[in-house]
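Breakdown of the fold
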Amino acid sequence: MVVLRQRDERGAVVTKSGPAGGGVVCVIDVPGSAGCAGESSIRRTWTAVDTCGNRVSYTQTITVRDTTPPTIACPAPATVQCASQVPAPAPGSVAAADTCPGGVTVAHVGDALVNQTCPNRFTVQRTYRATDACGNSATCMQLITVNDTTPPVVQPSASDSHCLWPPNHGWVCYTRANFHHVVTDNCPPPPTWKFAGCASNQSENDIGDGNTGPDCLVSPDSSQFCVRAERQGTDLAGRTYTVTVEAVDACGNTSQAAVAAIHVPHDQREHPECLKTTQAGRRPNQGLPW
Ligand SMILES: [Ca+2]
Ligand SMILES: [Ca+2]
Ligand SMILES: [Ca+2]
């Protein structure tokens, strides 16, 4: 009979019997040093003894080494409107695991901004790294898209109501200082705005309006506009110019809105407030300022 004795990793001797006719085989395992949680070595000594007591030994070295990187899965892609809304790195949101004991650590490697076309339109390439107890590592990348698609909002001011008198066909001009509407956007930086139009609700040339035209002109740089102090002669409601502005955010999203009305009454007596209103900009009969 052949008897196999083997010592396990805890030092306990395990004995097994084999078929007759051989010697005795003894196997002893001696744990070696461990470099990390997933790494170890075993010195395994095999000893055979025949029926006459002759013995021979062989030592085998078994190395256990973790060379397999951990698995890693980044958070799902995300989309936000503003650069200020990009979430902070969150290593805890990364899923990582390893086949060997010792745990896995996850770290934020860095963010790369690519394909930026304006302050709130670009892609963040966010990289995380998972490292196991033996230094094997793997990385993943989360894409965060920043894309401002929301146009600014224009809030008219109730105080921006203007009146013109006398209706002598002269130009009266207005600048930004004459209007107090508020323009906001969902993302910083603050949006800008310019004058887009000052359309009249009456025909340029009609009965009793002096046969002048055009009656509304926006300056080439859109920073001011001028309207004629005139109205149609038979329309008792008078003329109304509707002032329109265009707001634009840092990524080119635009919105237009009517912010105020400029009224030219048919009869001054029906609109005494016109006498009290300080007319903006130039007085009638002066030329265009540009
Ligand atoms: Ca590993
Ligand atoms: Ca916007
Ligand atoms: Ca006219």
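In what follows, the structure referred to is the one given above.
So, here is what we can say about the structure in this document. Computed from a predicted model, the values in this text were never measured in an experiment. (Residues numbered from 1 in each chain as written. Chains lettered and ligands numbered in written order. Predicted model: local features only at pLDDT ≥ 70, side-chain atom pairs only at ≥ 80, totals over all residues.)

1. Comments concerning the overall build of the chain
Across its full length, the chain holds one helix and 20 strands. Looking at the chain residue by residue over its 290 residues, the buried ones come to 22%. Relative to all contacts within the chain whose residues are 6 or more apart in sequence, the contacts with residues 24 or more apart total 61%. (Helix = DSSP H or I, 4+ residues; strand = E, 2+ residues; numbered from the N terminus. Buried ≥ 20, exposed ≤ 12 C-beta atoms within 10 Å, placed from the backbone. Contact = placed C-beta atoms within 7 Å.)

2. Notes on the sheet that holds strand 13 (residues 161–163)
Strand pairing in a sheet is mediated by backbone hydrogen bonds. Such pairs are either parallel or antiparallel. The sheet built from four strands is open, its strands ordered 13-20-19-16 with mixed pairing. Here the strands that pair on one side only, and so sit at the sheet edges, are strand 13 and strand 16 (192–200). Strand-to-strand twist of the sheet, defined as the mean angle between neighbouring strand axes without regard to direction, takes the value 30 degrees. The pairing of strand 13 with strand 20 (residues 254–264) spans three bridges and is parallel. The residue bridging S161 from the neighbouring strand is A261, located in strand 20. (Pairing = 2+ DSSP bridges. Axes fitted to C-alpha atoms, helices over the stretch in contact; angles between N-to-C directions.)

3. Remarks on the pairing of strand 14 (residues 171–175)
Most of strand 14 sits out of view: four of its five residues are buried. Across five bridges, the pairing between strand 14 and strand 18 (residues 224–228) is antiparallel. Counted as the bridge partner of C173 is C226 from strand 18.

4. Side note on the environment of P69
Note that P69 resides in the loop between strand 5 (55–64) and strand 6 (71–73). Judged by local crowding, P69 falls into the partly exposed class, with 19 C-beta atoms found within 10 Å. Discounting chain neighbours no more than four positions away, the residues touching P69 are D132, N136, S137 and A138.

5. Thoughts on the environment of Q60
On the secondary structure map, Q60 appears in strand 5. Once residues lying within four places of it in the same chain are set aside, the contact partners of Q60 are R44 and W46.

6. Details of the sheet that holds strand 18
Reading across from one edge, 14-18-17 is the order of the three strands in this open sheet, with antiparallel pairing throughout. Edge positions in the sheet fall to strand 14 and strand 17 (216–218), since each has one partner strand and no second. With direction set aside, neighbouring strand axes in the sheet form an average angle of 20 degrees.

7. Comments concerning unusual backbone geometry
The linkage connecting W165 with the following residue, P166, adopts the cis geometry, with an omega of 5 degrees. In this model, G213 is joined to P214 through a cis peptide bond whose omega is 0 degrees. Relative to the helices and strands, P214 is located in the loop between strand 16 and strand 17. With phi around 55 degrees, N115 is a residue other than glycine that occupies positive phi space. Notably, H169 is not glycine yet its phi reads approximately 75 degrees, a positive angle. Checked against the element boundaries, H169 lands in the loop between strand 13 and strand 14.

8. With respect to the environment of P166
You can see P166 is positioned in the loop between strand 13 and strand 14. Taking the C-alpha atoms as reference points, P166 and C274, separated by 108 residues in sequence, lie 9.0 Å from one another.

9. Quick notes on the pairing of strand 18
Taking burial as the measure, the five residues of strand 18 include five buried ones, the bulk of the element. Sheet analysis places strand 17 next to strand 18, joined by three bridges and oriented antiparallel. Each bridged residue has a counterpart across the sheet, and for C216 the counterpart in strand 18 is V227. Turn length for the strand 17-strand 18 hairpin, with the two strands adjacent in sequence and antiparallel, is five residues, and the turn residue S222 shows positive phi of about 60 degrees.

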